[in-house]
Amino acid sequence: MTVSGQGTEQKDGFIFKAPRDIEAEVLPGAFIRDFSGAGFALTQGEEGRKLLRRLLSADADKFASGEAFRSALLNASGGVMLEARVLAGKNQWLLVFPPEEAGSGQAWMGQVAVAFDAEVERLQGREACWLGGRQAGEALRRAGAEPPRDGAWAGVGGYRSLKVAGFPDFYLLEGEAAECREFRSRLEAQGAVQASDEVWRCARALHCEAAPGEDYDESSSPLECGFEDC
């Protein structure tokens, strides 16, 4: 779907509002995009650091504790398997994989870890969601969380596990499922709306976020599909 035009557009037999209409109606506020089914993998120590040097297009060594970054997860030939968001801690790294490819990302990470004697823990019982729109930061404040700067993450006061990470144009919330859901309810009470597939597709295109299967596959290099900043 293009990012220009007015009225409606048709794709695969479905009618969509034009992106400019969606931008005018939804993006000026705050919207939530469900990320249920996301995969979570934790690695740490020097062995984990070496593992990430092999797996990620981004250099994990350049990020300090409390920072967050985007990276491509690479296959054996250096192609892009999927997009990962990484929250760096004190000598440990939490990787968040998109729902569609969570299992394959976790499995590949565990397989490669054997060669580096690295431990990879698949975290269970966690959920994540995206928060976007021009009023996303204000919605976070009203819900009781201070918005982190781009490239940083922080815990949310009053919650044991919940974290919010700042990325250009979006915030990623992740934590234990019950806490993530409860905070989502807070955001909704502050006016954040659930984003439909239509809205999310528009937001992704407007902010040049690559989509698996559409903008890249495992034969793509990071430089070919929008991961040049990784």
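Above this text you will find the structure in question.
To start, this report covers the structure provided alongside it. Because the structure is a prediction, the values reported are computed rather than measured.

**Re the sheet that holds strand S9 (residues 126-132)**
- Across the sheet, six strands lie side by side as S10-S11-S12-S9-S3-S13; this open sheet has mixed pairing. This sheet does not close on itself; its edge strands, each paired only once, are strand S10 (153-155) and strand S13 (193-194).
- Taken together, the four bridges between strand S3 (residues 31-34) and S9 define a ladder with antiparallel strand orientation. Residue pairing for S9: phenylalanine 31 is matched across the bridge by glycine 132.
- Its contacts with the sheet put helix H4 (residues 136-143) on S9, strand S11 (163-167) and strand S12 (170-176), and the angle it makes with S12 is roughly 35°.
- Against the sheet, helix H5 (residues 177-189) makes contact with S3, S9, S12 and S13, and its axis sits at roughly 140° relative to S12, the strand it touches most.

**Some details on the pattern of salt bridges**
- Throughout the structure, instances matching the rule amount to 16 salt bridges.
- Among the salt bridges present, the one from aspartate 197 reaches arginine 33, with a minimum N-O distance of 3.0 Å. Linking aspartate 197 in helix H6 (residues 197-206) with arginine 33 in strand S3, this pair joins segments that are 164 residues apart in sequence.
- With its nearest N and O atoms 2.6 Å apart, the salt bridge here joins glutamate 83 to arginine 70. Here the residue glutamate 83 occupies a position in strand S6 (residues 80-88), and arginine 70 occupies one in strand S5 (residues 68-74), the gap between them amounting to 13 residues. Taken as a pair, glutamate 83 and arginine 70 share a single burial class, namely buried.

**Some remarks on the packing of H4 against H5**
- Running from N to C, H4 and H5 point in directions that differ by 110°, and their axes come no closer than 9 Å. Viewed along their axes, H4 and H5 adopt a mutual orientation that is roughly perpendicular. For the element pair H4 and H5, the recorded crossing hand is right-handed. Residues Ala139, Leu140 and Ala143 of H4 touch H5, and the partners they reach there are Phe183, Arg186 and Leu187.
- Residues of the contact of H4 with H5, tallied by class, amount to five nonpolar, no polar and one charged.

Each value, and the rule that gives it
For every chain, the first residue of the written sequence is number 1, and numbering continues from 1 onward in sequence order. The predicted origin of the model limits local features to residues at a pLDDT of at least 70 and limits the giving and counting of side-chain atom pairs to 80 or more, whereas totals for whole chains, interfaces and linings rest on all residues. Note that the side-chain values use all heavy atoms of the structure and ignore hydrogens as well as water. Here, strands pair whenever DSSP counts at least two bridges between them. Comment: elements are numbered from the N terminus, with helices defined as DSSP H or I runs of at least four residues and strands as E runs of at least two. Contacts are assigned to residue pairs that have any heavy atoms within 4.5 Å of one another. Helix axes are fitted to C-alpha atoms over the stretch in contact, other axes to C-alpha atoms as well, and angles between N-to-C directions run from 0 to 180 degrees. Whenever a carboxyl oxygen of Asp or Glu lies within 4 Å of a side-chain nitrogen of Lys or Arg, that contact is scored as a salt bridge. With a 1.4 Å probe rolled over the protein chains alone, any residue whose accessible area is under 20% of its type maximum counts as buried; one over 50% counts as exposed, and the rest are partly exposed. By the definition adopted for this analysis, an angle is roughly parallel if under 35 degrees, roughly antiparallel if over 145, roughly perpendicular if from 65 to 115, and oblique otherwise. For any helix crossing, the convention is left-handed if the near helix is rotated counterclockwise from the far helix by under a right angle, and right-handed if that rotation is clockwise. Three classes are used: nonpolar for Ala, Val, Leu, Ile, Met, Phe, Trp, Tyr, Cys and Pro, charged for Asp, Glu, Lys and Arg, and polar for all others, with Gly counted as polar.

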